[in-house]
Amino acid sequence: MIESALRRLASFSRRRYYLVFALTAVVSLLALASARNLRFDTQILNLLPPDDPDVHTFLEAIEDFGSLEHLLVVVRLPSNQVLDPYLDFIDQLGPRLEELSEVESVEYSLDGIEELIEEFFPRAFLLLDDEGRARALERLSDQGITTRVQELRRRIETPQAMAMRSILQLDPLGLSELLIDEVSRTPGTLRVDWTHGNFLSQDGRLGLLVVRPTRPAMDAEFARQLLVAARAACDQVLADWAEIAGPDPPPSPKVEFGGSYATIVEDASNMTREVVLNVALAMVGVLVLFALAFRRIGLVFYAFLPLLVGLVLGFGFAGAAFGKLSAASSGFAALLIGLALDFVIVSYSRYVEERQGGADLSQALAAMAGTSGRAIVTGAITTAATFYAFAITDFSGLRQMGILTGTGILLCLVAVLVLLPALLAWSEDRHYRRLAGTRDLSLHAFGLARLVSWSFRRPIPVLMAAGVITLGAALVAPRLRFEDDIRKLRPTGSHAVEIQAEVARSFGSGFDSMMLLVDGTSEDEVLELVRRAEEAARPLVESGVLSGTESLASLIPSASRQAAGLEWLRAHGDLLDLVRLRRVFGEAASEEGLRITAFDHGIELLAAAGAATQPIRVDELAKNHQTELLLGRYFQRTATGARAVVYLITPPQVWSLAAPPQAVALAERLGPHVTLTGANLVGERLRGQIRSDAAIACALGFLFVGTLLYLEYRRLADTLLSLLPLCVGIVWMFAGMVLLDLDMNFFNIFVTTMIIGIGVDYGIHMVNRRREHATDAPAELESCLCETGRAVVLAALSTIIGFGSLSLSSFPGIRSIGLVAILGALATAVVSISVLPALFGLAATRKVRGT
């Protein structure tokens, strides 16, 4: 019934090819109209399972407290040059970057620290711990004040005094040095040379601006826009260098970008360039292959036009069904080209075979569409089924890719079945009406198809050799490793990654972190949990598991700590008496030649700190703009109470792939109101799920294929024979990966699913041809198998060339896709044209002997 319908379809295309062309044009235009509405979704977060609790918590944390990621802007300062113009450059670049709509804040200097000092000084002794208060006691003594004033005079005489003058006047006794880690906006444990007022490395060679964007780096398009805007801002300030530096300016600074945003943009740019190059190489390679195989340039056009129509229909379906293509689905067109080319090759191979055998045009098209067409339909359905198996995954991007590729394969199948007969008929009617024209019809497999004949005639040696190879491969294959370190799947030498590593070395850690989310019904409950979390994390910092912590506790200490501070003030309040401070400081200042009036406000702030009688509350911090910004980094009010976050700063590049087990255990000990989250925790969770989903998808795909084949053949033997190249070929492929030291990873794991579709197609075509000629003499069966083997060889070569171009990529992950595709296509094709013909030859020989 299916063969009859396919023959009628081919007959219609042969007789009414102009109508077929017209209908194809109309449908293609409609598909193009639908595809015009298609957009690309660059938000990687949208690929994640939205219902996954880890993902939900992570996205919620980002929404409440902002991204954990930063854009690092590094300003290289030339050696042996005066720093002042370069510091002025940084001071102008910072505000320019803050003006960008993509930027939430920029941290680059002590600008605003005066306001923080004024806000926090009246509470200074509530913020300090016992050690800090002990140090403060030393500075408040008569001798301590005298020593501090002497140091103050020396610091005022340094070149950096201009940047620090206002701070020195506000804090003449230097108590802010005891508070700086508590109230500064520097992320994490960043080591900065504070003496210049800017974020400078200890060697003074690097200036740093830490940009906190408004959206996460996983939004690739946003990251690109941010980098473009940031570079433009840098160029604008650099254009004013002569004005900033004055007459005879020194060399201008060099500005570079690092961090996750710059890394994603760099990777995306490199990947786009390589994809274009790979596609171009694949297209050229396949065109050359077709030209050599067909020996007629025009037929190359006939081969690609149905594919082009199928791709247009696929994009039209994507526009109508989804509207947006995710990052994971954007490559489905390349998959379609690699998979659907097989339909054209097998169809045209049968057409050439029939024409060379003396069949006229109608007979050849009927044979091409009949038994061969049925095998192509079976192969297309089984291949589509393997991709539809991705519908089970919770990853929306992979699910979309599976549905699009599966549907696209079926649409390409329809285009080939309808359009290829019409094109061949149109060509024959126009150019090859005479029988002599058929001599130009040929299909060359470069001699590789001879393996079919050799295997058919010598089945025992072939089967023995295949058995030995398979046994060896089965012993080697279990050694295949799975590489889940994403860093190893990226290209080496990334400039953005190198910049981030240099910043980590020069400034310390502070850019890799996780979040402990603390929820409570009241402010006091949340503060108590934050305090417990800080105390529980301290041993992890001391042991090196963490580099440090940041939390609300740095702004609002625990009740016990504040109570200790109030008790200390009651015991030592006389030291903070305004009259005493002015007298002792004034005497020391006169000795050093300093004007006491310049420090009046600072002395008054110090005395106000001694008058504190109430603990610090959240509401007080919210009254001041600077402290409100700090508060928002750590604390949010919710509908059910309050939420706070404790940032766990991890050593650079140590825990980027997984959460420290000690941190996970810490969160569990703190109870149900504390939740650990972070990109590493989400990545670890999702990597495991991807591996599980890939295994399930492959198993379902294999089950679907086996079931469909059995329903098609109604014979278990033929079903198993069709699956044999796939099963043996995958074992060979895995062994080849081990021998080539090629690990399985998150990129190439899904190529296995594609190989299921490809490998089973090769087996289907060979088994179907044998079923068609089961009653023929061995010589005739051998000849027919050779012709089908020729098509299988060309189909495998087109796949190897198409996907093999990926093996030239500088991205190890993408390169592994090309290598695995080459191994899989090669292995399954070799088994199809050697082991299957050997089995068929052995059966034919026994049949002859039996008769």
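## Re the overall build of the protein
Scanning the protein from N- to C-terminus turns up 33 helices and 13 strands. Out of the 851 residues in the protein, the part that is buried amounts to 56%. Counting contacts in the protein only where the partners sit at least 6 residues apart, residues at least 24 apart contribute 82% of the total. Summed over all atoms, the accessible surface of the protein reaches about 35900 Å², with 58% contributed by carbon and sulfur.

## Description of the packing of aromatic side chains
Inspection of every chain in the model, using the stated rule, returns 11 aromatic pairs. Note on Tyr 17 and Tyr 18: the rings are 4.9 Å apart at their centroids and 55° apart in plane angle, and the pair reads as tilted. Seen from their ring centres, Tyr 18 and Phe 21 are 6.3 Å apart, and the 90° between their planes marks the pair as edge-to-face. Of this pair, Tyr 18 and Phe 21 both sit in helix H2 (residues 17–35), three residues apart, roughly one helical turn. The class of Phe 21 is partly exposed, set by a relative accessible area of 23%. Members of the aromatic cluster, joined through ring pairs, are Tyr 17, Tyr 18, Phe 21 and Trp 426.

## Points about the nonpolar core
Grouped together as the largest cluster of nonpolar side chains are 117 residues, with contacts concentrated most on Phe 290, Phe 304, Phe 343, Tyr 351, Met 754, Tyr 762 and Phe 840. At 15 residues, helix H18 (residues 396–431) tops the list of elements feeding residues into this core. Discounting residues that sit within four places of it in the chain, Phe 343 has contacts with Ile 376, Ala 380, Ile 409, Cys 412, Leu 413 and Val 416. If you look at the next biggest cluster of nonpolar residues, it comprises 43 residues, including Phe 65, Leu 540, Ala 667 and Leu 681.

## Some thoughts on the environment of Ala 474
By the secondary structure assignment, Ala 474 is in helix H20 (residues 459–476). Between the alpha carbons of Ala 474 and Val 728 there is a distance of 9.3 Å; along the sequence they are 254 residues apart.

## Re the packing of helix H3 (residues 53–65) against helix H29 (residues 679–713)
Running from N to C, H3 and H29 cross one another at 160°; their axes reach a closest spacing of 9 Å. Accordingly, the angle class assigned to the pair H3 and H29 is roughly antiparallel. Remark: the crossing between H3 and H29 carries left-handed chirality. Contacts between H3 and H29 involve Asp 54, Val 55 and Phe 58 from the former and Ala 679, Val 682, Arg 685 and Leu 686 from the latter. Here the residues of the contact of H3 with H29 are counted per class, giving five nonpolar, no polar and two charged.

## Quick notes on the environment of Leu 794
You can see Leu 794 is positioned in helix H32 (residues 778–804). Overall, the relative accessible area of 2% leaves Leu 794 in the buried class. When the C-alpha positions of Leu 794 and Val 346 are compared, they lie 8.7 Å apart, and in sequence the two are 448 residues distant.

## Some remarks on a nonpolar patch on the surface
Nonpolar side chains collect at one region of the surface, where Val 284, Val 288, Leu 292, Phe 446 and Leu 448 lie side by side and expose about 440 Å² of accessible area between them. One can find Val 288 in helix H13 (residues 260–294). Classification of Val 288 as partly exposed rests on a relative accessible area of 43%.

## Focus: the sheet that holds strand S2 (residues 71–76)
In space, the four strands of this open sheet follow the order S3-S4-S2-S5, with antiparallel pairing throughout. This sheet does not close on itself; its edge strands, each paired only once, are strand S3 (103–107) and strand S5 (254–259). Between one strand axis and the next, the sheet turns by 25° as a mean value, whatever way the strands run. Sheet topology places S2 next to strand S4 (residues 206–213); six bridges connect them, and they run antiparallel. Note that in S4 the partner of Arg 76 across the bridge is Leu 206.

## Focus on the pairing of strand S10 (residues 635–638)
Across four bridges, S10 lies against strand S11 (residues 641–649) in antiparallel orientation. Bridge pairing in S11 places Thr 638 opposite Gly 641. Count of turn residues in the S10/S11 antiparallel hairpin: two residues.

## Side note on the confidence of the model for the protein
In this model, the protein carries a mean pLDDT of 80, and residues with pLDDT of at least 70 account for 86%. Put simply, helix H10 (residues 176–183) is where the protein has its lowest mean pLDDT, 58, and H20 is where it has its highest, 94. When the criterion is pLDDT under 50, residues 181–189 qualifies, and its contacts beyond four places in sequence or with other chains add up to 34 contacts. Residue range residues 433–439 is modelled with pLDDT below 50. Its contacts to residues more than four positions away, or to other chains, number three contacts.

Rules used throughout
- Residues numbered from 1 in each chain as written.
- Predicted model: local features only at pLDDT ≥ 70, side-chain atom pairs only at ≥ 80, totals over all residues.
- Heavy atoms only, no water.
- Helix = DSSP H or I, 4+ residues; strand = E, 2+ residues; numbered from the N terminus.
- Buried < 20%, exposed > 50% of the residue type's maximum accessible area, 1.4 Å probe, protein only.
- Contact = heavy atoms within 4.5 Å.
- Areas by Shrake-Rupley, 256 points an atom, 1.4 Å probe, with all protein chains shown as cover.
- Phe/Tyr/Trp six-rings, centres within 6.5 Å; stacked < 30°, edge-to-face > 60°.
- Core = buried A, V, L, I, M, F, W, Y, C linked by side-chain atoms within 4.5 Å.
- Axes fitted to C-alpha atoms, helices over the stretch in contact; angles between N-to-C directions.
- Parallel < 35°, antiparallel > 145°, perpendicular 65-115°, else oblique.
- Left-handed = near helix turned anticlockwise from the far one by under 90°.
- Nonpolar A, V, L, I, M, F, W, Y, C, P; charged D, E, K, R; others polar.
- Patch = residues over 30% accessible without salt bridge, like charges linked within 9 Å, V, L, I, M, F, W, Y side chains within 5 Å.
- Salt bridge = Lys/Arg side-chain N within 4 Å of Asp/Glu carboxyl O.
- Pairing = 2+ DSSP bridges.
- pLDDT = per-residue confidence, 0-100.

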